[in-house]
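These are the residues of each chain, in order.
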Amino acid sequence: MEHILNRYESVSNTEVKTWFKVGQTSDFPENSGACIKYKTKQIAVFNFTRTGKWYASQNLCPHKMEMVLSLGMIGDKEGVPKVACPLHKKNFSLENGSNLAGEDLKIAVYPIKIENENVYIGFED
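The paragraphs below set out a description of the structure included in this document.

### Focus on the sheet that holds strand E10 (residues 109–110)
Thinking step 1. Spatial ordering of the open sheet is given by E2-E3-E4-E10, a layout of four strands whose pairing is antiparallel. The outermost strands of the open sheet, each flanked by one partner alone, are strand E2 (32–38) and E10.
Thinking step 2. Bridge count between strand E3 (residues 41–48) and strand E4 (residues 53–58): six bridges; the pairing is antiparallel. Across the sheet, residue Ala44 finds its bridge partner in E4, namely Ser57.

Here it is as structure tokens:
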């Protein structure tokens, strides 16, 4: 299963080569997550309507190697937007992918932008 985890690496805004359109803003639930597919990757997309911000991360939980993060509970921990894995409640920052309990688990995060009510995620490939 490690080979699947190796598909995912965080991308910064300056590294984006492709802005991939994943749908319209109305296609995504408010204050919740949804999953899209880009090539061989499953990406979780989160729409925080309370703050007006969007986030994207790998959908794969690195703890149990299950594609579940888009089903996780979202919120914040001390002002850091987070998703909690629905299986074992591991909390990950949606800003940098770090595990908020300090464990050696991390998720990949991706830049996201909204233009003309369309949602785009940035990838390096």
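### Observations concerning the pattern of salt bridges
Thinking step 1. Under the counting rule described, the total for this entry stands at three salt bridges.
Thinking step 2. Here Asp125 makes a salt bridge to Lys39, at a shortest N to O gap of 3.9 Å. You can see Asp125 sitting in the segment after strand E12 (118–123) and its partner Lys39 sitting in the loop between E2 and E3, a full 86 residues away along the chain.
Thinking step 3. Exposure remark for Lys39: the relative accessible area of 53% places this residue in the exposed category.

### Focus: the nonpolar core
Thinking step 1. Within the largest apolar cluster, 22 residues are counted, with the highest numbers of intra-cluster contacts made by Phe28, Ile36, Ile43, Tyr110 and Ile121.
Thinking step 2. Breaking this core down by element, the ones donating at least two residues are helix H1 (2–5), E2, E3, E4 and E12.
Thinking step 3. Excluding anything up to four places from it in sequence, Phe28 contacts Val22, Gly23, Ala34, Ile36, Val45, Asn47, Trp54 and Val119.
Thinking step 4. Within the second largest apolar cluster, 14 residues are counted, among which are Phe46, Ile74, Val83 and Phe92.

### As for the environment of Cys35
Thinking step 1. Positionally, Cys35 belongs in strand E2.
Thinking step 2. Considering only alpha carbons, one finds Cys35 and Ala56, 21 residues apart in sequence, at a separation of 9.4 Å.
Thinking step 3. Not counting residues within four places of it along the chain, the set of residues in contact with Cys35 comprises Gln42, Ile43, Asn59 and Ser70.

### What to know about the side chain of Asn59
Thinking step 1. Structurally, Asn59 can be placed in the loop between E4 and strand E5 (60–61).
Thinking step 2. Taking the relative accessible area as the measure of exposure, Asn59 reaches 2% and is therefore buried.
Thinking step 3. The residues contacting Asn59, other than those within four sequence positions of it, are Cys35, Gln42, Ile43, Ala44, Glu66, Met67, Val68, Leu69 and Ser70.

### Focus: the layout of surface pockets
Thinking step 1. Here the largest pocket is characterised by a volume of approximately 180 Å³.
Thinking step 2. Around the largest pocket, the lining residues are Val11, Ser12, Asn13, Trp54, Tyr55, Ala56, Leu94, Glu95, Val109, Tyr110, Pro111 and Ile112.
Thinking step 3. Elements with a contribution of two residues or more to the lining of the largest pocket: E4 and E10.
Thinking step 4. Here the lining of the largest pocket gets three residues from one element, more than from any other, and that element is E4.
Thinking step 5. Across the lining of the largest pocket, the residue classes tally to nine nonpolar, two polar and one charged.

### Notes on the state of the cysteines
Thinking step 1. Scanning all chains against the criterion turns up zero disulfides.
Thinking step 2. Free of any disulfide, Cys61 has its nearest neighbouring cysteine sulfur in Cys85, separated by 3.6 Å.
Thinking step 3. For Cys61, a relative accessible area of 0% gives the class buried.
Thinking step 4. On the basis of relative accessible area, Cys85 is assigned to the buried category, the value being 1%.

Rules used throughout
Residues numbered from 1 in each chain as written. Predicted model: local features only at pLDDT ≥ 70, side-chain atom pairs only at ≥ 80, totals over all residues. Heavy atoms only, no water. Pairing = 2+ DSSP bridges. Helix = DSSP H or I, 4+ residues; strand = E, 2+ residues; numbered from the N terminus. Salt bridge = Lys/Arg side-chain N within 4 Å of Asp/Glu carboxyl O. Buried < 20%, exposed > 50% of the residue type's maximum accessible area, 1.4 Å probe, protein only. Core = buried A, V, L, I, M, F, W, Y, C linked by side-chain atoms within 4.5 Å. Contact = heavy atoms within 4.5 Å. 1 Å grid on protein atoms, 1.4 Å probe; cavity = no way out; pocket = protein on both sides within 12 Å on 5 of 7 lines; lining within 4 Å. Points joined across faces, edges and corners; volume = space filled by probe spheres on them. Nonpolar A, V, L, I, M, F, W, Y, C, P; charged D, E, K, R; others polar. Disulfide = S-S within 2.5 Å.

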